[in-house]
Each structure stands twice: as C-alpha cells, then as structure tokens.
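Coordinate inspection notes
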Amino acid sequence: MADVRYNQLVVCAHCGQETPNYEDCVLCGTPLQDPDAPPRELEADDLQTMMMDAKLQEIKTKRELAYADTWDHADWMAELLKLAEIAPDHPKVQLYIGAAQIEGEQYRDAVVSLTRALIADPELADAYRRRADCQYILVPVLGGDTQAYYDRALADYEVALSLDPDAYTYNAHAAIIGSLGEWQDAIREYGQAIDLAPDYPETFFNRGYAHKVLGNKDAAIADLERYLGFEDHWNQEMVAQAQAHIKEMQEADL
Ligand SMILES: [Zn+2]
C-alpha cells in the first residue's frame, strides 16, 4: 500500500530537498532514479498561472460548500511554522501548513507538507484530498506530461474515498476520469456522491453533462433540471451552461 500512497519522503540528489517518492522530485522535476536525465518541465507561463488561480478559487468554494471550510489558513502561516518547530510530527500541523501553502499558491511545497502529514498519520483522508487538489491544479493546460499529474491526483482521491468517502471527493475523482473519457464510470461515481449527499447541487450538473456526452438525453435533461432546481448556485456560469445544454438537447428533438 505504501507505494500507492506515496507517503514517504526521499532526498532529491539534485536540489537536496525532501520530496515524496514519486518517480521525479516534485520541487525541481529531476527523475529520482536517474538524476542525470532531463527534469520534468515545471515552469508556469501566464496562461498556466491564470488557470491555476481559477482552479484554486473553484476548490476553495467547493470546500466551503462541502465542509463549511472557511478558515483562511494562509494568515496563520507564521504561527503554524512555530507550531511545527515544537511538534514537527503532528499531522494536523503539517496538514494546515499544506493548506496555507495551497492558499499561497505554493502547490509543490504543499505536496511535501501534506506528505509529512501522511507520514505522521497515513489515515488522514483530508491530506490525501488536499494533495490530490494540488496535483489537479498543477496539471499542465497546454500539453506537457499531463498524465503524471492526473495519475497522482486520482491515486490520492482514491485513497481518500477508501478512508472517508464523500461527495466532494467523488465529484473531483469523477470529473477527472470523465475528462479522460471514462464517462460511464464517472456517472456511477456521481451516483455514489448523490447517495451520500443528495443536496450537493454540483453532482447533478456533472452527471447531467456526462449523460449528455454519452447521448443519454432524457437522463441528461433530468439531472440538469434538478441542478437548476436548487435554490443556491455559487457559479452563475454553470447555471447558464446548464440552461444552454438543456436548450441544445431539446432543440435537437424538433
Ligand atoms: Zn529536487
């Protein structure tokens, strides 16, 4: 299980920093087994940075909806670092440092802190979820090796689901496998999310869209209408999209 969970730190021969036991260093991209091989591309251009900012805002909003998590961790970084000096092996301290680093857009450092949290407590589901969120944010928008980031995000979301299944994680996992073309499995996972949290609107939007892709028109319209039927919507763009999808499918019938 340890290999799947990536909850070990090793020292990178290139940058000298501790990094999780992926095939390459999360901080400098150097392959860990072969430090002389060319490193993974880590530079983020303006477009990549813009996309990462948008994903961060999306994740913060969804976490607030799913967990009522409104704590602005970044403001507490100085205190957290002091706590880490006193109790370096405390999983929650490392978890919150990771959360603060995510809010400060230090996603790669956050991956290391969250791995420290997991070394101290390998059952800490939220550390897997947050580390998966980091990998999802880091997926290169324009080419590059997207698969490594998707694989790491999926592996962590899967461990989180095995420890503490919830709607947030099912949605996050299903959205990635859907984008990789596994729409039928995504629909099954959205169903599991709905079983756990029938009042989480986004799941209906996501499942409706997955049904639309597969041509299941009636199921798609039913889910998108259920999504629109909720009172509160955090994202007006999604509301407009849901309406447009329904209109498109209804007009195709005429
Ligand atoms: Zn390195």
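These lines cover the structure that appears in this document, whether it is placed above or below. What you are looking at is a predicted structure, and each value in this text was computed from that prediction instead of being measured. (Residues numbered from 1 in each chain as written. Predicted model: local features only at pLDDT ≥ 70, side-chain atom pairs only at ≥ 80, totals over all residues.)

1. Considering unusual backbone geometry
Glycine aside, residues mostly have negative phi, and peptide bonds are mostly found in the trans state. A positive phi is found at Ala68, a non-glycine position, where the angle reads about 50°. By secondary structure assignment, the location of Ala68 is in the loop between helix 2 (46-67) and helix 3 (77-86). Looking at Ala68, the number of C-beta atoms within 10 Å reads 8, which means it is exposed. Of note in this structure, Glu105 is not a glycine but carries a positive phi near 65°. Positionally, Glu105 belongs in the loop between helix 4 (91-103) and helix 5 (107-120). Note on Glu105: 15 C-beta atoms within 10 Å, which makes it partly exposed. (Helix = DSSP H or I, 4+ residues; strand = E, 2+ residues; numbered from the N terminus. Buried ≥ 20, exposed ≤ 12 C-beta atoms within 10 Å, placed from the backbone.)

2. A closer look at the packing of helix 3 against helix 4
Viewed as axis vectors pointing N to C, helix 3 and helix 4 meet at an angle of 150°, and their least axial separation amounts to 10 Å. It follows from the interaxial angle that helix 3 and helix 4 lie roughly antiparallel. The interaxial crossing formed by helix 3 with helix 4 has left-handed handedness. Within the contact between the two elements, helix 3 uses Met77, Leu80, Leu83 and Ala84 and helix 4 uses Val93, Tyr96, Ile97 and Ala100. Of the residues in the contact of helix 3 with helix 4, the class split is eight nonpolar, no polar and no charged. (Axes fitted to C-alpha atoms, helices over the stretch in contact; angles between N-to-C directions. Parallel < 35°, antiparallel > 145°, perpendicular 65-115°, else oblique. Left-handed = near helix turned anticlockwise from the far one by under 90°. Contact = placed C-beta atoms within 7 Å. Nonpolar A, V, L, I, M, F, W, Y, C, P; charged D, E, K, R; others polar.)

3. Re the packing of helix 10 (residues 201-213) against helix 12 (residues 236-253)
Put simply, helix 10 and helix 12 touch, their axes get as near as 11 Å, and they point 30° apart. When the axes of helix 10 and helix 12 are compared, the pair comes out roughly parallel. The crossing of helix 10 and helix 12 is left-handed. Contact residues: helix 10 offers Phe205, Tyr209 and Lys212, while helix 12 offers Met238, Ala242, His245 and Met249. Of the residues contributing to the contact of helix 10 with helix 12, the split by class is five nonpolar, one polar and one charged.

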